[in-house]
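# A look at the structure
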Amino acid sequence: MKIAVDVMGFENEISEAIFACQSFVNFYQDVEIILVGDETKIRPFLQQSNNRISILHTDQFISQDDSILNLRTKTNSSMQLTANLLANKKVDGLLSAGNTAIFVFIMYSTIGMIDGINKLGFMPTIPTRNGKVFNMIDVGANIDVTPDDLVKFAIMGSIYAKQRTFSDPKIGILNIGTEHHKGRALERETAELIKTKTKLNYVGFVEPKNLLDYAADVIVTDGFSGNLVLKTMEGTAKTIGGFLKDEYKKPWNILGKITSVFALKKLKSTFDYKENAGAFVMGLKQICVKTHGSADKRQFSSSLRMLYNCIKNDVVKQITTQIKKYENETK
């Protein structure tokens, strides 16, 4: 298995990506990784010689502040060269932590979308309080979608979730209430299509307040709503963590800190998003994973695991087959 990793243009140190890749190939003996970026910056962090890690050199990269217009002068950016490797089938999948908007544009224009898919979707894995996880699609790739697009998100998400649940994944639609008449026409029409035009295991509308109690294996929504929910959860967790840290610094709370230390450790480990930092870009003809712009070694590592499992299970081939089947059945 060959994986290309764009190690430039994200907010953290380049060493975080490189160390994650080195650890990954040491653990997974069936993997080769191509590091795409400035060799003069990469080489000092390669701690040991490994014939399963190579470098594709370029000193051009897409910054977090770049716009799509900048691509005209950055035709050899690390992100573009990484996409070219995948498009030319030199690798089986790719990972980047770069500029999200440009990442979507480059992957769309270089890799192309599966026949029948009109919109791409970002799909992360999110932990819940009972130890289970769920996937949510979309969380930011597209804000303008149709019910047909959301049905296809559900199909794609279900296929991915099967490799985790080994059963018939439960599908829910994000909504402001669980009653069938609640929400916009988008949600109501999507629910009707899923119930009448697919054999998915649909469990109904899911309210945001129930997400972390594990309401379904896959939650379907548009990119605007999904992004708001995801960032609200991340922000809430950060705020609560900061509040507790400030309170436990006060002398009169020392006893509470001592007695609750194990519960707090459990809380932190359960909702540690760094262990599920990758988002699978659903709808592309080949496998691409995007991770956080501020990713560290752990986040790169978990994103590589997501990529590895998608390649191993040939997820794109399964999606292509099921989307074609759905298209034929609904003509």
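Scroll up to find the structure this text is about.
Figured I'd write up the structure that's included with this text. Not measured: the values here are computed from a predicted model.

## Describing the overall build of the protein chain
- A tally of helices and strands in the protein chain yields ten helices and eleven strands.
- On C-alpha atoms alone, the protein chain measures out to a radius of gyration of 21 Å, which is about the 20 Å that the 2.2 N^0.38 rule sets for 331 residues.
- Counting only C-alpha atoms, the protein chain reaches 65 × 60 × 40 Å along its principal axes.
- Considering only contacts in the protein chain between residues 6 or more positions apart, those separated by 24 or more positions represent 71%.
- Of the roughly 16,300 Å² that the protein chain leaves accessible, carbon and sulfur atoms contribute 53%.
- Averaging the positions of the 42 positive and the 35 negative side-chain charges in the protein chain gives two centres separated by 4 Å.

## Focus: the packing of helix H5 (residues 147–165) against helix H6 (residues 185–197)
- Between H5 and H6, the shortest axis-to-axis distance is 9 Å and the interhelical angle comes to 55°. Considered as vectors, H5 and H6 are oriented oblique to each other. Crossing geometry of H5 relative to H6 is assigned as right-handed. Within the contact between the two elements, H5 uses Pro147, Asp148, Leu150, Val151 and Ala154 and H6 uses Leu186, Glu189, Thr190, Leu193 and Ile194.
- The class makeup of the residues in the contact of H5 with H6 is seven nonpolar, one polar and two charged.

## Topic: the pairing of strand S11 (residues 287–290)
- Neither face of S11 is open: one carries Ile287 and Val289, the other Cys288 and Lys290, and all of them are buried.
- Two strands pair when backbone bridges link them, and strand S10 (residues 279–282) and S11 are joined in this way by two bridges, in the antiparallel orientation. Residue pairing across strands places Phe280 opposite Val289, the latter belonging to S11.
- Between S10 and the antiparallel strand that follows it, S11, lie four residues; Gly283 among them carries a positive phi value of about 110°.

## What about the packing of H5 against helix H10 (residues 315–329)?
- Contact pair H5 / H10: the axes reach a minimum separation of 10 Å and the direction vectors enclose 140°. Overall, the two elements H5 and H10 adopt an arrangement that is oblique. Between H5 and H10 lies a crossing whose hand is right-handed. Counted together, Asp148, Val151, Lys152, Ile155, Met156, Ile159 and Gln163 of H5 and Val315, Gln318, Ile319, Gln322, Ile323, Tyr326 and Glu327 of H10 form the full contact between these two elements.

## A few points about the nonpolar core
- In this structure, Val5, Leu35 and Met107 are the most contacted members of the largest nonpolar core, which totals 100 residues.
- A per-element tally of this core places H5 first, with nine residues.
- In this structure, Leu35 is in contact with Val5, Val7, Ile18, Cys21, Ile42, Leu46, Ile53, Ser54, Ile55 and Leu56, ignoring residues within four places of it in sequence.

## Observations regarding the environment of Lys250
- The topology assignment puts Lys250 in the loop between helix H7 (223–248) and helix H8 (254–270).
- At 2.9 Å, the side chain of Lys250 and the side chain of Glu247 are in polar contact.

## As for the side chain of Thr221
- Locating Thr221 in the fold gives a position in the loop between strand S9 (218–220) and H7.
- Here Thr221 falls in the buried class, since its relative accessible area comes to 3%.
- In this structure, Thr221 is in contact with Met136, Ile137, Asp138, Leu150, Phe153, Leu174 and Gly226, ignoring residues within four places of it in sequence.

## Comments concerning H6
- With 13 residues, H6 should cover 18 Å at 1.5 Å per step; its first-to-last C-alpha distance of 17 Å lies within 8% of that length.
- Along H6, the residues classified as buried are Leu186, Glu187, Thr190, Ala191 and Ile194. All buried residues of H6 lie within an arc of 130° about the axis, which places them on one face of the element.
- Against H5, strand S7 (170–174) and strand S8 (201–206) lie the buried residues of H6.

What counts as what
- One numbering rule holds for all chains: residues counted from 1, following each sequence as written.
- Local features are withheld for residues below a pLDDT of 70 in this predicted model, meaning they are given only at 70 or higher, and side-chain atom pairs are given and counted only at 80 or more; totals for whole chains, interfaces and linings count all residues.
- With hydrogens and water stripped out, all remaining heavy atoms of the structure feed into the side-chain values.
- The helix count covers DSSP runs of H or I at least four residues long, the strand count covers runs of E at least two residues long, and both are numbered beginning at the N terminus.
- Computation of the radius of gyration draws on C-alpha atoms, with the globule rule given as 2.2 Å multiplied by the number of residues to the power 0.38.
- Pairs of residues are marked as contacts when any of their non-hydrogen atoms sit within 4.5 Å.
- In this description, accessible areas are obtained by the Shrake-Rupley approach with a 1.4 Å probe, and a residue is regarded as covered only by the protein chains that are shown.
- When charges are counted, Lys and Arg are positive and Asp and Glu negative, with His and the chain ends excluded.
- A charge is said to be at NZ when it belongs to Lys, at CZ for Arg, at CG for Asp and at CD for Glu.
- For every element, the axis is a line fit to its C-alpha atoms; helices are fit only across the contacting stretch, and the angle between N-to-C directions ranges from 0 to 180 degrees.
- Any angle that falls under 35 degrees is termed roughly parallel, while one over 145 is termed roughly antiparallel, one within 65 to 115 roughly perpendicular, and all others oblique.
- Crossings are sorted by hand: turned counterclockwise from the far helix by less than a right angle, the near helix makes the crossing left-handed, and turned clockwise it makes it right-handed.
- Residue polarity follows a fixed list, in which Ala, Val, Leu, Ile, Met, Phe, Trp, Tyr, Cys and Pro are nonpolar, Asp, Glu, Lys and Arg are charged, and the others, Gly among them, are polar.
- Working definition: with a 1.4 Å probe on protein chains only, accessible area under 20% of the residue-type maximum means buried, over 50% means exposed, and in between means partly exposed.
- A pair of strands is treated as paired once DSSP finds two or more bridges between them.
- Nonpolar cores were defined as sets of buried Ala, Val, Leu, Ile, Met, Phe, Trp, Tyr and Cys residues, with membership established by side-chain atoms within 4.5 Å.
- Any N or O atom pair separated by 3.5 Å or less is treated as a polar contact, with the protein-specific requirement of one donor-capable and one acceptor-capable atom, and with residues adjacent in sequence counted only for side-chain atom pairs.
- Each helix should span, by expectation, one fewer than its residue count multiplied by 1.5 Å.
- Directions from the helix axis toward the C-beta atoms define the arc.

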